[in-house]
Amino acid sequence: MKKVIIGFDNKSRGMEMKKLLLYWGPVLIWMGLIFYSSAQPYSEQDIRPLLHDAVSLEWVSTYFSDLAFYYAGEEVSIHKLSEAGYIEFFIRKGTHVIVYLILAVLLYRAFRNLFEKHASIISLSLLTTCLYAVSDEIHQGFTVQRSPHMEDVALDSVGAIIGVFLAHYMLYKKSGLPTKRQLRNERN
């Protein structure tokens, strides 16, 4: 009696592994970089000395000395933070948006390989990115000189929303790429 093996042959398994690495490798690497960055104390990420050395900051006081607001219960103003600290605040918060925008695009790309429905791809990309943002803020709560802020999760979520809709627009709307469903319907 012949032995029947059900499953993938070595060639199929190799292709699946390459596909897995191609789509999910960048996601895992990017998540790892976010985790690594969140594990660093603030003193290792402080860019104020670089700003002092590289840029003339008098213009900051000239144009923004009267602008003050609160973020996560703390005053954000030139008086409170200095010119370099004020600029650094906006760089750090802008980085939240950009980093999670990129994560959302990578997740969209990975989920697009698994699912056909746009709603599933979009919702899973957003949900996964936002949940990772929450876990990242919790992680920061255990890191020296760092503290978790729900306001940062909100910024991360804005980045996720922008990233998912940019990815969707670029892949389907602007490029004219057919969806998997359209390709399947053309074959039938």
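These numbers come from a predicted model, not from an experiment.

Participant: Would you take a moment to explain the pattern of salt bridges for this structure?
Facilitator: Two side chains of opposite charge can pair, provided their charged atoms sit close to one another. Under the defined criterion, the tally for this structure stands at three salt bridges. Across the pair Asp46 and Arg48 runs a salt bridge, and its minimum N-O distance is 2.8 Å. For Asp152, the salt bridge identified is with Lys93, shortest N-O distance 2.9 Å. Separated by 59 residues along the polypeptide, Asp152 in helix H7 (residues 150-174) and Lys93 in helix H5 (residues 78-114) bring together distant segments of the chain. Here the salt bridges do not stand alone but share partners, grouping Asp46, Arg48 and Glu88 into one network.

Participant: Even after reading the chapter, I still don't get unusual backbone geometry, so can you show me in this structure?
Facilitator: Both trends apply: most residues other than glycine have a negative phi, and most peptide bonds are in trans. Its identity is not glycine, yet Ala72 carries a phi of approximately 55°, on the positive side. Residue position: Ala72 is located in the loop between strand S1 (69-71) and strand S2 (74-76). According to the relative accessible area criterion, Ala72 is partly exposed, its value standing at 23%. Phi is positive for Ser82, close to 80°, though the residue is something other than glycine. A residue is classified by how much of its surface remains accessible, and Ser82, at 27% relative accessible area, is partly exposed.

Participant: Can you walk me through the packing of aromatic side chains in this structure?
Facilitator: Pairs of aromatic rings are described using the distance from one ring centre to the other and the angle between the two planes. In this structure the tally under the stated criterion is nine aromatic pairs. Ring plane angle 75° and centroid distance 5.3 Å describe the contact between Tyr71 and Phe89, whose orientation is recorded as edge-to-face. Of this pair, Tyr71 sits in strand S1 while Phe89 sits in helix H5, placing them 18 residues apart in sequence. Across the pair, Phe89 and Tyr71 agree in class, each one buried. On the numbers, 6.2 Å between centres and 40° between planes, the contact of Phe111 with Phe115 is tilted. Joined through ring pairs, the aromatic side chains of Trp59, Phe64, Phe69, Tyr71, Tyr86, Phe89 and Phe90 make up one cluster.

Participant: Please explain helix H6 (residues 118-140) as it appears in this structure.
Facilitator: Two residues of an α-helix separated by three or four positions point the same way, owing to the 3.6 residues in each turn. Over its 23 residues, H6 runs 33 Å from end to end, which matches the ideal 33 Å to within 8%, given 1.5 Å per residue. Where H6 is concerned, the buried positions are Ile121, Ile122, Ser125, Leu126, Thr129, Tyr132, Ala133, Asp136, Glu137, His139 and Gln140.

Procedures and definitions
- Residues numbered from 1 in each chain as written.
- Predicted model: local features only at pLDDT ≥ 70, side-chain atom pairs only at ≥ 80, totals over all residues.
- Heavy atoms only, no water.
- Salt bridge = Lys/Arg side-chain N within 4 Å of Asp/Glu carboxyl O.
- Helix = DSSP H or I, 4+ residues; strand = E, 2+ residues; numbered from the N terminus.
- Buried < 20%, exposed > 50% of the residue type's maximum accessible area, 1.4 Å probe, protein only.
- Phe/Tyr/Trp six-rings, centres within 6.5 Å; stacked < 30°, edge-to-face > 60°.
- Expected span 1.5 Å × (residues − 1).

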